[in-house]
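# A look at the structure
Here is how the chains run, residue by residue.
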Amino acid sequence: MSRIVILGAAESGAGAAVLAKKEGFDVFVSDMSTIKDRYKAQLEAHKIDWEEGHHSIEKILNADEIIKSPGIPDTAPVIRQARERGIHIISEIEFAGRYTDSKMICITGSNGKTTTTSLIYHIFKDAGYDVGLAGNIGRSLALQVAEEPHAYYVIELSSFQLDNMYDFKADIAILLNITPDHLDRYDNCMQNYVDAKMRITQNQTEADSFIYWNDDPIIQRELAKYDIRAIQYPFSLLKEKGSIGYIEEGKYIIERPTPFNMEQEELSLSGVHNIYNSLAAGIASNIAGIRKECIRKSLSDFPGVEHRLERVATVKGVTYINDSKATNVDACWYALESMTTPTILIIGGKDKGNDYAPIMDLVRKKCAGLVFLGADNAKLHGAFDSLGLPIADTHSMRDCVEACYRMSQPGYTVLLSPCCASFDLFKNMEDRGEQFKTLVRSL
């Protein structure tokens, strides 16, 4: 009996363990942190051996294969030791893909992944397709393959997940954009991060589809290096050479595989960045054969994604917007670009090697003040103090919201769009957004 060791026992790890057990492997799960009760119950119900709070190296390094949580960096000692032993390390998505022939619609990019993934799932679900949501959002793909198989899966893929995928293939691959992000995990080398994103195209054949943003200079540069066999479906904001999806004279247009159009003003999502997301989602749905009337309806009634430009409340004439998912500079750029009133920008957190230069012009034009929110705001002061804007330095969400309240005036917008990861002060991005919403609603 082959032995599978799973490192990390959250959604992906616990799901992978259940699938491995079902497929007859000797399974062991190890997590350096405390395992949540619901995952412990899941492991116990399937009689899977597990440990928490430490790694028992002797029980890990006798594995035939290791399934690694995407949150564990390659620099972790246990990963280094496993590689020295020649143990193959894969992701949960790679493992799950071995046990299903379902159609895979896979989405990656530095920004817009969650919105696009959720929108595609919304369209497929409303059209009556048998579809599951997986990857960075939704339930574990491996668990769904084991216990609740679907004909289609819509999967949000991070660069970390793509790093440990080798034989998995996307039937429809979507690459939204590539901008600097997670460089701390890639030796501060942009090309390493780019290479991870481009893995979305690996193993695709002439029968598959590749959707990408035609205006992205990095994608254009990288395409020249690859023998892309899949049918290509580039999209852009305006019609240009090669693009099959675009906006023209107020119309949202897709040229192929089936001609489709609707009024741009009917799209439920606003902002330039969401035009890209809506184009990618519409093209993917078109390729999958979803009826035009279903695509049109779903693009018109999609409610949006929590923590992504989420309108929270208006208090004394000030609008508060939660964009906690903006964990890199480019995402913050898109948020600022969509602002139409004087803005108090909340920025800060765990820096990932950020260069704030791309948002400087927008901060000058759009912002009436800045509120720094982080354990250490020194880099933010170095980047923004010279702009001469009012600045508040805060180290908790309560102090942050109070500072925004004092700094804002009727007609202003307070925008939480941090550019940074959340792990210095919060459990995760969702915790940061939830605390913001709770405190705003109590003003």
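In what follows, the structure referred to is the one given above.
Presented here is an overview of the structure given in this document. (Residues numbered from 1 in each chain as written. Predicted model: local features only at pLDDT ≥ 70, side-chain atom pairs only at ≥ 80, totals over all residues. Heavy atoms only, no water.)

### A word on the packing of aromatic side chains
Under the criterion given, the structure shown has 11 aromatic pairs. On the basis of an interplanar angle of 65° and a centroid distance of 5.3 Å, the ring pair of F95 and Y99 is categorised as edge-to-face. Ring centres 5.1 Å apart and planes at 45° place the aromatic pair Y129 and Y152 in the tilted group. Remark: Y152 occurs in strand β8 (residues 152-156) and Y129 occurs in the loop between α6 (113-126) and β7 (131-135); sequence separation between them is 23 residues. (Phe/Tyr/Trp six-rings, centres within 6.5 Å; stacked < 30°, edge-to-face > 60°. Helix = DSSP H or I, 4+ residues; strand = E, 2+ residues; numbered from the N terminus.)

### Points about the sheet that holds strand β13 (residues 251-254)
The nine strands lie next to each other as β7-β8-β6-β9-β10-β11-β12-β13-β14, forming an open sheet whose pairing is mixed. The sheet terminates laterally at β7 and β14 (260-263), the two strands that pair on one side only. In this sheet, neighbouring strand axes are inclined to one another by 20° on average, regardless of whether the strands run parallel or antiparallel. Lying on the sheet, α6 is in contact with β6 (103-108), β7, β8 and β9 (172-175); it crosses β8 at an angle near 165°. (Pairing = 2+ DSSP bridges. Axes fitted to C-alpha atoms, helices over the stretch in contact; angles between N-to-C directions. Contact = heavy atoms within 4.5 Å.)

### Thoughts on unusual backbone geometry
The linkage connecting R256 with the following residue, P257, adopts the cis geometry, with an omega of 5°. Looking at the element boundaries, P257 is found in the loop between β13 and β14. Its identity is not glycine, yet C419 carries a phi of approximately 70°, on the positive side. Following the sequence through the fold, C419 ends up in the loop between β20 (413-416) and α17 (429-441).

### Observations concerning the pattern of salt bridges
For the structure on display, the rule yields 23 salt bridges. In this structure, the salt-bridge partner of D49 is K59, at a minimum N-O distance of 3.2 Å. Placement of the pair is D49 in strand β3 (residues 49-52) and K59 in helix α3 (residues 57-60), with a sequence separation of 10 residues. Across the pair K103 and D171 runs a salt bridge whose closest N-O atoms are separated by 4.0 Å. Of this pair, K103 sits in strand β6 while D171 sits in the loop between α8 (159-163) and β9, placing them 68 residues apart in sequence. (Salt bridge = Lys/Arg side-chain N within 4 Å of Asp/Glu carboxyl O.)

### Brief notes about the nonpolar core
L141, I155 and F210 are the most contacted members of the largest nonpolar core, which totals 50 residues. Examining the composition of this core, we find that six residues originate from one element, helix α1 (residues 11-22), more than from any other. In contact with L141, not counting residues within four places along its chain, are E92, I93, A96, M104, A134, Y153 and I155. With 39 residues, the next largest nonpolar core counts I123, F124, I172 and I174 among its residues. (Core = buried A, V, L, I, M, F, W, Y, C linked by side-chain atoms within 4.5 Å. Buried < 20%, exposed > 50% of the residue type's maximum accessible area, 1.4 Å probe, protein only.)

### Regarding the environment of T116
Residue placement: T116 occurs in helix α6. Along the backbone, T116 and G317 are 201 residues apart, and their C-alpha atoms lie at a distance of 31 Å. Dropping the residues within four chain positions of it, T116 is found in contact with I107, L176, N277, A280 and A281.

### Things to note about the environment of H381
Note that H381 resides in helix α15 (residues 378-384). Here H381 falls in the partly exposed class, since its relative accessible area comes to 24%. C-alpha separation for the pair H381 and E206, spaced 175 residues apart in sequence, amounts to 51 Å. The residues touching H381, leaving out its near neighbours within four places in the chain, are F372, I391 and D393. Here the side chain of H381 touches D385 through a polar contact of 3.0 Å, side chain to side chain. (Polar contact = N/O pair within 3.5 Å; in protein donor to acceptor, adjacent residues only side chain to side chain.)

### A word on the sheet that holds strand β19 (residues 391-394)
The pairing of strands in a sheet happens through backbone hydrogen bonds and is either parallel or antiparallel. The strand order across the open sheet built from six strands is β15-β16-β20-β17-β18-β19, with neighbouring strands paired in mixed fashion. The sheet is open, and its two edges are formed by β15 (310-315) and β19, each paired on a single side. Within this sheet the neighbouring strands show an average axis-to-axis angle of 20°, counted without direction. As judged from the four bridges shared by strand β18 (residues 367-373) and β19, these two strands associate in the parallel manner. Considered in β19, the bridge of L373 is made with T394. Sitting on the sheet, helix α13 (residues 329-337) is in contact with β17 (343-347), β18 and β20, with an inclination near 165° to β17.

### A look at the packing of α6 against helix α11 (residues 272-287)
Axis separation between α6 and α11 bottoms out at 9 Å; the angle between their running directions is 40°. By the angle between their axes, α6 is oblique relative to α11. Judged by the twist between their axes, the crossing of α6 over α11 is right-handed. Residue-level contacts link T115, T116, L119, I120, I123 and F124 of α6 to N274, N277, S278, A280, A281, A284 and S285 of α11. Looking at the contact of α6 with α11, its residues break down into seven nonpolar, six polar and no charged. (Parallel < 35°, antiparallel > 145°, perpendicular 65-115°, else oblique. Left-handed = near helix turned anticlockwise from the far one by under 90°. Nonpolar A, V, L, I, M, F, W, Y, C, P; charged D, E, K, R; others polar.)

### Quick look at the environment of G245
Tracing the sequence through the fold places G245 in strand β12 (residues 245-248). Along the chain, G245 and A280 lie 35 residues apart, while their C-alpha atoms are 8.1 Å from each other. When neighbours within four sequence positions are excluded, G245 is seen to be in contact with P234, F235, S236, I253, I254, L279 and I283.

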